[in-house]
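Descriptive analysis of the structure
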Amino acid sequence: MNKTHLFLAASLFCAGSISADVPVYLDDSQPLEKRVEDALARMTLKEKIDIIHAQSKFSAPGVPRLGISELWCTDGPMGVRPEVLWDEWEQASWTNDSCTAFPSLTCLAATWDPELSRLYGKSIGEEARFRNKAVILGPGINIYRTPLNGRNFEYMGEDPYLAGRMAVDYVKGVQDNGVAVCVKHFALNNNEINRHTSNPIVDDRTLYEIYLPAFKAAAIDGGAWSFMGGYNLFRGEHASYNPILMNDILKGEWNWDGAVISDWGAVHDTETAVTGGLDMEFGSWTNGLTNGVSNAYDNYWLANPYLEGIKSGKYSEKELNDKVRRVLRLTFRTAMNRNRPWGSMGSDEHKAACRQIGGEGIVLLQNKGGLLPIDPAKVKKIAVVGENAIKMMTVGGGSSSLKAAYEITPLQGLRNRFGKDFDITYSRGYVGDTLGDYNGVKTNQDLRDFRTPEELRAEAVDAASKADIVLFFGGLNKANHNDAEDSDRLSMELPYGQDELIEALVKANPNLVVVNISGTGVAMPWASKVPAILQAWYLGNETGNALADVISGDVNPSGKLPYTYYADLMQCGAHKLGEYPGTPAKDKFGNDIFDIPYNEGIYVGYRFIDKNKLKPTFPFGHGLSYTTFKYGKATVDKTTGSAADTFTVTVPVTNTGSRKGSEIVELYISDPKASVDRPVKELKGFRKVALMPGETKTVSFEIGKDDLSFFDAKKHEWVCEPGDFEALIGASSADIRSKVKFAVK
Ligand code: BGC
């Protein structure tokens, strides 16, 4: 044996792949289930109990005696959260935990591009891996039921198909790093107001057709290794250990082998947590030591009370073993996966990904007279107005708040791009939120301004009247009630007098572009007066650069709305028919809860708009480009087939303008005659196609049984009824360009 052989033998021994002395659970050449059973058989009862609950704010202890590692989690979902103290939410004050803040998930959804979702997942997964985290708490994929939900910006819009397709690639991208996603918040977590006590009342069909499919896609097609249970209840039981959601559906019908992690502080009872399908408890008494004598974590619902319950015979070890198996699987797949790459943080690739996703997610909602992109032949003087042009927004919003390595504000981005040849002025226009601090992470911006609203407005109007173009940056800002966890918005209206300011600006200068920064729809009573409107989300580190890319035309916008932009709340089924935020009721312990009947049923978003023939400010799937696209006639490969067949629908799309650009082509299915009431149409496919000027490409979609079925609640199964169907090809849900019929015999 030469030196190389000795080294190889030693490392293989360490890797546990050849020596008979290496226990099976440490030998990663062995099948996963064999390793899990071997480890389980070696664990004491106490070790089993220890592994299923937290030992600190974000970690669980593993089994030190057996060399089974700790499991470290982190938020999620838009960047890796800075390190906090062991028991506190406060900062650990590390100097090496500044991350890449990626665009909000609504922005990602607005790209309608699974490849970008993969890139997003890969990049954020690399950052999590570099920080040695096993689990990243995201993606968030709750359905956008109301524009008021404070966390819409963390989610992927109103449509289950879109959210599901985008989630699958996010999941795969993250998990290729040996880092688990924790898909949240399963399920029906659709508002922040009363978030611990909301009890949605939802029928099975609505549950299966609207609120579950994205989660199912993440679990089955994405192969997500962990899920987070929500704070809310469902049918009177908390979601994190809801037997219907966790046992019957997730682990039963979907046969999923991952681990269910509670939301932080979502557990309130040992007995149901034991039997209701929860695997790991985190964040109970989230100030750490309140209930602790020497270690609060021993007092968790799934700690000593569970241990005592087993010892006294109240609980068997059956459920415990299932939980432990799931935690072991999660650990072997992540923290003890020796084949995982090393990860990286703040790399140039991550910056580029951030900028690309931001640029491709920005939605050009309106562009009358071709005001955008800025035409250097006509524009020399740019008046930038609005607090959101200068406010850093990677800090704030709740648990997704980040300590970003840097953040380019919109104003900086514009100065970077236009500074040399253009005269750029800035005026504040209004004062909104000046806090810039979340759990001790500070933006270090002093945004205080003590001028009166009238003075601020007068200055902005004056600047606007002297400019060739006015760029107003407003919207929301992740402050309480303005896109933030734990609080819903109070109305759809823009805060801080922005509507009046916009009216005054457009009067002073008709060349006004409104750049709305938010993660949810806002009322735009001035939409018909303002020529150009951009929906810009929260874009992370590269905010200003991504915006300047689109405003300058360096990037031709291609994003489309992942939700309906309602004109007012009454266009939203949840507000028109459903109850929000619910009526007072009691849970099984007599605690106060809020029942929220989802009376709108499956008619969420454009499904409600279509049914009631409403005209929203901007429809689901809408987004413009600086070029134009012409759709040809859609054709189908066969007009009749059986339910087992695949129908292929094709449509030619041509770039009829003079710039290269990408178009998202949307496929909706309509089932005009069915034994149940069905939506006018439902999204069942989308493709993004890049086209040079004059170029034509043919886009094709495969339609199968799943795309034609509805959930029959009585039979408790998906049913594809024979009959006529129609494939609708659209540029948005309200702009159908071609239709083709086919029949299932
Ligand atoms: C949020 C979760 C988050 C967790 C940990 C909770 O308050 O609802 O989304 O992952 O805190 O920070």
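Residues numbered from 1 in each chain as written. Predicted model: local features only at pLDDT ≥ 70, side-chain atom pairs only at ≥ 80, totals over all residues. Heavy atoms only, no water.

Description of the overall build of the protein
Per the secondary structure count, the protein includes 20 helices and 30 strands. Its C-alpha atoms give the protein a radius of gyration of 26 Å, near enough to 27 Å, the size a compact globule of 745 residues would have. Taken along the three principal axes of its C-alpha coordinates, the protein extends 75 × 70 × 65 Å. Here the protein holds 745 residues, and the buried ones make up 62% of them. In the protein, of all internal contacts separated by at least 6 residues, the share reaching a separation of at least 24 is 75%. In the structure as shown, the protein presents an accessible area of about 26,800 Å², 52% of it carried by carbon and sulfur atoms. Here the protein holds 82 positive side-chain charges and 95 negative ones, and the gap between their average locations is 4 Å. (Helix = DSSP H or I, 4+ residues; strand = E, 2+ residues; numbered from the N terminus. Rg over C-alpha atoms; globule rule 2.2 N^0.38 Å. Buried < 20%, exposed > 50% of the residue type's maximum accessible area, 1.4 Å probe, protein only. Contact = heavy atoms within 4.5 Å. Areas by Shrake-Rupley, 256 points an atom, 1.4 Å probe, with all protein chains shown as cover. Lys, Arg positive; Asp, Glu negative; His and termini not counted. Charge placed at Lys NZ, Arg CZ, Asp CG, Glu CD.)

Remarks on empty space enclosed by the protein
Counted according to the given criterion, the structure contains three cavities of 30 Å³ or more. A volume near 150 Å³ is recorded for the largest cavity. Every residue lining the largest cavity is counted, 19 residues in all, and those nearest its centre are M393, T394, Y538, L539 and G540. Here the lining of the largest cavity is built from residues that sort into ten nonpolar, six polar and three charged. (1 Å grid on protein atoms, 1.4 Å probe; cavity = no way out; pocket = protein on both sides within 12 Å on 5 of 7 lines; lining within 4 Å. Points joined across faces, edges and corners; volume = space filled by probe spheres on them. Nonpolar A, V, L, I, M, F, W, Y, C, P; charged D, E, K, R; others polar.)

Section: the site of the ligand
Surrounding the ligand, one finds 15 residues, the nearest of these being D75, R151, H185, Y231 and D263. One of the side-chain nitrogen or oxygen atoms of Y231 is found 2.7 Å away from an oxygen atom of the ligand. Within the contact set of the ligand, an oxygen atom lies 2.6 Å away from a side-chain nitrogen or oxygen of D263. Looking at the shell around the ligand, its residues break down into six nonpolar, two polar and seven charged. (Near = heavy atom within 4 Å. Polar contact = N/O pair within 3.5 Å; in protein donor to acceptor, adjacent residues only side chain to side chain.)

Side note on the sheet that holds strand β18 (residues 583–586)
Taken together, the three strands give an open sheet; going across it, the order is β5-β19-β18, and neighbouring strands pair in mixed fashion. For this open sheet the edge positions go to β5 (198–201) and β18, each flanked by a neighbour on one side alone. Ignoring which end each strand starts from, the neighbouring axes of this sheet average 40° apart. Relative to strand β19 (residues 592–597), β5 runs parallel, the two being bridged by four bridges. Bridged to S198 within β19 is F594. (Pairing = 2+ DSSP bridges. Axes fitted to C-alpha atoms, helices over the stretch in contact; angles between N-to-C directions.)

What to know about the packing of aromatic side chains
Under the definition given, this model contains 31 aromatic pairs. A ring pair is formed by Y120 and Y170, whose centres lie 5.4 Å apart and whose planes are at 35°; its orientation type is tilted. Of this pair, Y120 sits in helix α5 (residues 114–130) while Y170 sits in helix α6 (residues 160–175), and the two are 50 residues apart along the sequence. A relative accessible area of 0% means that Y120 is categorised as buried. Ring geometry for F647 versus F742: centroids 4.6 Å apart, planes at 35°, classification tilted. A residue pair is termed long-range when its members are at least 10 positions apart, and F647 in strand β23 (residues 647–655) and F742 in strand β30 (residues 735–744) qualify at 95 residues. Overall, the relative accessible area of 0% leaves F647 in the buried class. Owing to a relative accessible area of 2%, F742 belongs among the buried residues under this scheme. One cation-aromatic arrangement involves R145 over Y598; the distance from NZ or CZ to the ring centre is 3.7 Å. Sitting over the face of the ring of F418, R417 holds its NZ or CZ atom 5.2 Å from the ring centroid. (Phe/Tyr/Trp six-rings, centres within 6.5 Å; stacked < 30°, edge-to-face > 60°. Lys NZ or Arg CZ within 6 Å of the ring centre and 35° of its normal.)

Observations regarding the side chain of K133
Here K133 lies in the loop between α5 and β3 (135–137). In this structure K133 comes out as buried when scored by relative accessible area, which is 5%. A distance of 2.8 Å separates the side chain of K133 from the side chain of E83, its partner in a polar contact. In this view, K133 contacts W72, C73, T74, E83, A128 and V179; residues no more than four positions away in its chain are not counted.

Topic: the nonpolar core
With 192 residues, the main nonpolar core has V135, F186, L328, I374, I382 and F473 as its most contacted residues. Among the elements that line this core, the one with the most residues is α6, at seven residues. Formed by 25 residues, the second largest nonpolar core is a distinct cluster that contains V653, L691, I703 and A731. (Core = buried A, V, L, I, M, F, W, Y, C linked by side-chain atoms within 4.5 Å.)

Digging into the confidence of the model for the protein
Residue-level pLDDT values for the protein average 95, and 96% of them are 70 or greater. Across residues 1–18, confidence stays below pLDDT 50; counting only partners more than four residues off in sequence or on other chains, it has 14 contacts. (pLDDT = per-residue confidence, 0-100.)

Concerning the side chain of S400
As for its position among the elements, S400 is in the loop between β11 (381–385) and α14 (410–418). The exposure class assigned to S400 is buried, which follows from its relative accessible area of 1%. The residues contacting S400, other than those within four sequence positions of it, are G76, P77, M78, F153 and E154.

As for the packing of α5 against α6
Close contact between α5 and α6 brings their axes to 7 Å; oriented N to C, the two are set at 35°. α5 and α6 meet at a crossing whose hand is right-handed. Residues P114, S117, R118, Y120, G121, K122, I124 and G125 of α5 touch α6, and the partners they reach there are M166, D169, Y170, K172, G173 and V174. (Left-handed = near helix turned anticlockwise from the far one by under 90°.)

Structural notes on helix α15 (residues 453–465)
With 13 residues, α15 should reach 18 Å at 1.5 Å per residue; the first-to-last C-alpha distance of 18 Å fits that figure. The set of residues buried in α15 consists of L456, A460, A463 and A464. Considered in projection along α15, the buried side chains sweep an arc of 100° and stay on one side of the axis. In this structure, the buried residues of α15 make contact with β11, β12 (423–427), β15 (469–475) and α16 (498–508). (Expected span 1.5 Å × (residues − 1). Arc of directions from axis to C-beta.)

Structural notes on the sheet that holds strand β1 (residues 59–60)
Strand order in the open sheet formed by six strands is β1-β2-β3-β4-β6-β9, and the pairing between neighbours is mixed. The outermost strands of the open sheet, each flanked by one partner alone, are β1 and β9 (259–262). Pairing between strand β4 (residues 180–186) and strand β6 (residues 226–229): three bridges, direction parallel. When the bridges of β6 are listed, V183 appears paired with F227. Contacting β3 and β4, α6 crosses the sheet at an angle of about 145° to β4.

A closer look at the packing of α6 against helix α8 (residues 213–221)
Close contact between α6 and α8 brings their axes to 8 Å; oriented N to C, the two are set at 30°. In terms of orientation, α6 lies roughly parallel with respect to α8. The element α6 and its partner α8 pack so that their crossing is right-handed. Contacts between α6 and α8 involve P160, A163, G164, R165, A167, V168, V171 and K172 from the first element and P213, A214, A217, A218 and D221 from the second. (Parallel < 35°, antiparallel > 145°, perpendicular 65-115°, else oblique.)

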